[in-house]
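Given next are the chains, with one letter for each unit.
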Amino acid sequence: MKTNTVPAMWTIPRLFSVSSWRALNTVLDVAFYDVAALTSREQDFLSAQTRPEGSILIVYPRASDSSIRSLSPRHFVNEQLSTGAEEVDTIVVAGVGSSALGTAALARNVADHLGRPVAGVVSGFGLSDLMTEALGGWFVLGARNMFRDGYARIFDSYSLEDHVRDTESHQDMKDYFESVGIDKDHFIYGSPDSTALLYLLLKLKTRIKLLVGHSKGNYSIENAMEGWVTASKNESKPSLYDFCIITLGAVVRFPPELTNVHQFIGEIDLFGRMNSRPTLERTSIHGAGHSLNSVIPGSLSVQQALTLAGCC
């Protein structure tokens, strides 16, 4: 039975747990992402972010005077579909820690290379992620998402917010997924970053040209693309599969309909290789590990990978 008292009592422990976990994610993001590409003011802004995972960051090139913006998925879609909006055709999804800080750092690297703004899907942990992390993180992503799905449904049934669902977009996502004939329950709970990405792709369609993922973010992109392919096949006039997809630090099996996929992994990236599909085509980057942080020796260069992919 739903009451107003339980959610109120839930708020303080929920926020404390999520804030503590995000602090750990921030440490990981500094180790794995090019945080120095962000100004001190930008880092302070991102560290103070309280939006749930699945939120969208708009990150501009360093040469721009524009500030990083944080939007809900629904707000971002409405803005992109409005007349005269600044077009954003590239989306990135980070992995490892994946707080707003790491997401923005990856988006900044890509924005600097492209010379235009990039959207980043925040994939940091909510409370139900914390409860499933003992399963081994993304080493067992499928099983982990199954348990995470279960926790999220329990929270939802009691109106307990776990800092994952964006209330502004949640119902719109569920309704839209159902309208295009995909399993909304599979996508709406298991992986909030995949949910947000799939929602953006379905709403914006061919406006999105490039997807870039790193580490666990590659799996989030692949999961969203499964939904995209299913929805496209249900259309009377199927959408074209013309996305350019670039993965860094983990080699993932994508639906066969997607042919413009470029996968890069460091030659000494043992972590990424353990989480990669062994028989798939990839480009090995000499002397590179799992980190994208340019100040760390042996980092994988985002700019090098984008240049080699040649679809930017």
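Shown above is the structure to which this text applies.
This structure is a prediction, so every number in the text was calculated from the model and none was measured.

Cut-offs applied
- Residues numbered from 1 in each chain as written.
- Predicted model: local features only at pLDDT ≥ 70, side-chain atom pairs only at ≥ 80, totals over all residues.
- Heavy atoms only, no water.
- Core = buried A, V, L, I, M, F, W, Y, C linked by side-chain atoms within 4.5 Å.
- Buried < 20%, exposed > 50% of the residue type's maximum accessible area, 1.4 Å probe, protein only.
- Helix = DSSP H or I, 4+ residues; strand = E, 2+ residues; numbered from the N terminus.
- Polar contact = N/O pair within 3.5 Å; in protein donor to acceptor, adjacent residues only side chain to side chain.
- Contact = heavy atoms within 4.5 Å.
- Phe/Tyr/Trp six-rings, centres within 6.5 Å; stacked < 30°, edge-to-face > 60°.
- Lys NZ or Arg CZ within 6 Å of the ring centre and 35° of its normal.
- Disulfide = S-S within 2.5 Å.
- Salt bridge = Lys/Arg side-chain N within 4 Å of Asp/Glu carboxyl O.
- Expected span 1.5 Å × (residues − 1).
- Pairing = 2+ DSSP bridges.

Take the nonpolar core next. Within the largest apolar cluster, 39 residues are counted, with the highest numbers of intra-cluster contacts made by F76, L211 and M225. Contributing elements (two or more residues each) for this core: β1 (56–59), α3 (73–81), β3 (90–93), β4 (118–121), α7 (170–179), α9 (192–204) and α10 (216–234). Ranked by residues supplied to this core, first place goes to α9 with eight residues. L57, I68, A104 and L292 belong to the second largest nonpolar core, which has 34 residues in total.

As for its placement among the helices and strands, S215 is situated in the loop between β5 (210–214) and α10. For S215, the side chain forms a polar contact with the side chain of H290, separated by 3.0 Å.

Okay, the environment of V229 next. Its location among the elements puts V229 in helix α10. Owing to a relative accessible area of 5%, V229 belongs among the buried residues under this scheme. Separated by 28 residues in sequence, V229 and E257 have C-alpha atoms that sit 7.6 Å apart. For V229, the residues in contact, after removing those within four places along its chain, are Y241, P255 and E257.

The next thing to look at is the packing of aromatic side chains. Scanning the model with the defined rule gives one aromatic pair in all. Here the aromatic rings of W228 and F243 are separated by 5.1 Å at their centres, their planes lie at 75 degrees, and the arrangement is edge-to-face. In this pair, W228 is assigned in helix α10 and F243 in the loop between α10 and β6 (244–248), connecting sequence segments 15 residues apart. A cation sits over an aromatic face here: K203 above Y176, 4.4 Å from the ring centre.

Scanning all chains against the criterion turns up one disulfide. Residue C244 pairs covalently with C311 via a disulfide, S to S 1.7 Å. Of this pair, C244 sits in strand β6 while C311 sits in the segment after α12 (302–309); the two residues are 67 residues apart in sequence, bridging distant segments of the chain.

Moving on: the pattern of salt bridges. Enumeration over the complete set of coordinates arrives at six salt bridges. One salt bridge connects E42 with R108, and the closest N-O pair in it is separated by 2.8 Å. Pair noted here: E42 is in helix α2 (residues 40–47) and R108 is in helix α4 (residues 100–114), with a separation of 66 residues, a long-range link. With respect to class, E42 is no different from R108; both count as buried. Here E235 ties to K205 by a salt bridge, and the two come within 3.1 Å at their closest N and O atoms. Linking E235 in the loop between α10 and β6 with K205 in the loop between α9 and β5, this pair joins segments that are 30 residues apart in sequence. Relative accessible area serves as the criterion here: at 25%, E235 is assigned to the partly exposed category. For K205, a relative accessible area of 29% puts it in the partly exposed group.

For α4, spanning 15 residues, the distance from its first C-alpha to its last is 21 Å, which sits close to the expected 21 Å at 1.5 Å a residue. Judged by how many residues are buried, α4 sits mostly within the fold: 13 of 15 residues are covered. Within two residues after α4, G115 carries a phi angle of roughly 75 degrees, on the positive side.

With that settled, the discussion passes to the pairing of strand β7 (residues 261–266). Sheet analysis places β6 next to β7, joined by four bridges and oriented parallel. Within β7, the residue paired with I245 across the bridge is V261. Note that β7 and strand β8 (residues 283–285) share three bridges and pair parallel. Each bridged residue has a counterpart across the sheet, and for F264 the counterpart in β8 is T283.

Okay, the pairing of β1 next. Here β1 shows two buried faces, one formed by I56 and I58 and the other by L57 and V59. Inspection of the sheet shows β1 paired to strand β2 (residues 69–71) by three bridges, in the antiparallel sense. Across the sheet, the residue bridging to I56 is L71, located in β2. In terms of strand pairing, β1 meets β4 through four bridges, oriented antiparallel. For I56, the partnering residue across the bridge sits in β4 and is V121.

Interpretation in functional terms is not warranted from these geometric data alone.
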